[in-house]
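Read off the chains here:
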Amino acid sequence: MSAATKPLPKSVLISEVCLQKRIRELGTQIVDDYENQELVLLGVLRGSVLFFADLSRAIFGAQLKNITREVHIRFEFVQLTSYHNNTQPSAVELIHSGSDYLKRRHILIVEDIVDTGQTLDFLREYLWTLNPKTVKVCALLNKPSKRRVPVTIDYIGFEVPDAFIVGYGLDYAQQYRNLPYIALLEST
Ligand code: IMP
């Protein structure tokens, strides 16, 4: 992609300060809910990477406020892809299915954004085949306007409008993932 055709993420939708404040709140909620348990944080590659890193540190930070409340965190990752064809509007496929450690654990899926809900629905179906103790979902962003599949999201960072969003892990053609804030993509 040449610099001339690359759309510019001009308008900041959620600032770095707002993101970090909300992620600290989510960390506190998660420590409250999983106190003294082992929890597998399951990152969905690649979009959740920055959120995953900050959320895991927010969980640690929340524990420091009260050292009797410990959550034993384990990191695991899956990678999914969606593709379009003529017969189906969109289908999801697992590229990397995570380790055997997912079996019979408390799992918290860490997602960047829930849009149609198809990716999350597919992932939950897959995880249930591993016989986990519980499966919950923490999504940084929820875009309910495009939902096709009803999904439950247990922890939501922010609701976002029906627009293409980039930054803080989210990409447009693999660009903009390293922005420290969430922006609206502006087409030129
Ligand atoms: P789904 O439509 O809920 O299955 O969303 C699947 C994936 O599409 C998300 O995990 C994101 O990686 C990507 N996605 C959906 N909406 C956006 C957006 O506005 N910007 C960037 N990526 C998006």
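Here goes a summary of the coordinates provided.

Rules used throughout
- Residues numbered from 1 in each chain as written.
- Predicted model: local features only at pLDDT ≥ 70, side-chain atom pairs only at ≥ 80, totals over all residues.
- Heavy atoms only, no water.
- Phe/Tyr/Trp six-rings, centres within 6.5 Å; stacked < 30°, edge-to-face > 60°.
- Helix = DSSP H or I, 4+ residues; strand = E, 2+ residues; numbered from the N terminus.
- Buried < 20%, exposed > 50% of the residue type's maximum accessible area, 1.4 Å probe, protein only.
- Core = buried A, V, L, I, M, F, W, Y, C linked by side-chain atoms within 4.5 Å.

Some words on the packing of aromatic side chains
Thinking step 1. Within this structure, the stated rule accounts for 4 aromatic pairs.
Thinking step 2. Ring centres of Phe 52 and Phe 75 lie 4.7 Å apart, and the angle between their planes is 80 degrees; this geometry places the pair in the edge-to-face category. Within this pair, whereas Phe 52 is found in helix 2 (residues 49-64), its partner Phe 75 is found in strand 3 (residues 72-83), the two being separated by 23 residues in sequence.
Thinking step 3. When its relative accessible area of 3% is taken as the criterion, Phe 52 is described as buried.
Thinking step 4. With 4.7 Å between their ring centres and 45 degrees between their planes, Phe 52 and Phe 77 make a pair best called tilted.

Let's talk about the nonpolar core
Across soluble globular proteins, nonpolar side chains have a tendency to be buried as a group.
Thinking step 1. Residues Ile 30, Phe 51, Leu 55, Leu 140, Leu 141 and Ile 182 are the most contacted members of the largest nonpolar core, which totals 29 residues.
Thinking step 2. Of all the secondary structure elements, the ones that give two or more residues to this core are helix 1 (16-34), strand 2 (38-45), helix 2, strand 5 (106-114), strand 6 (134-142) and strand 7 (155-159).
Thinking step 3. By size, the runner-up hydrophobic cluster in this structure holds 21 residues, among which are Val 40, Val 78, Leu 102 and Val 151.

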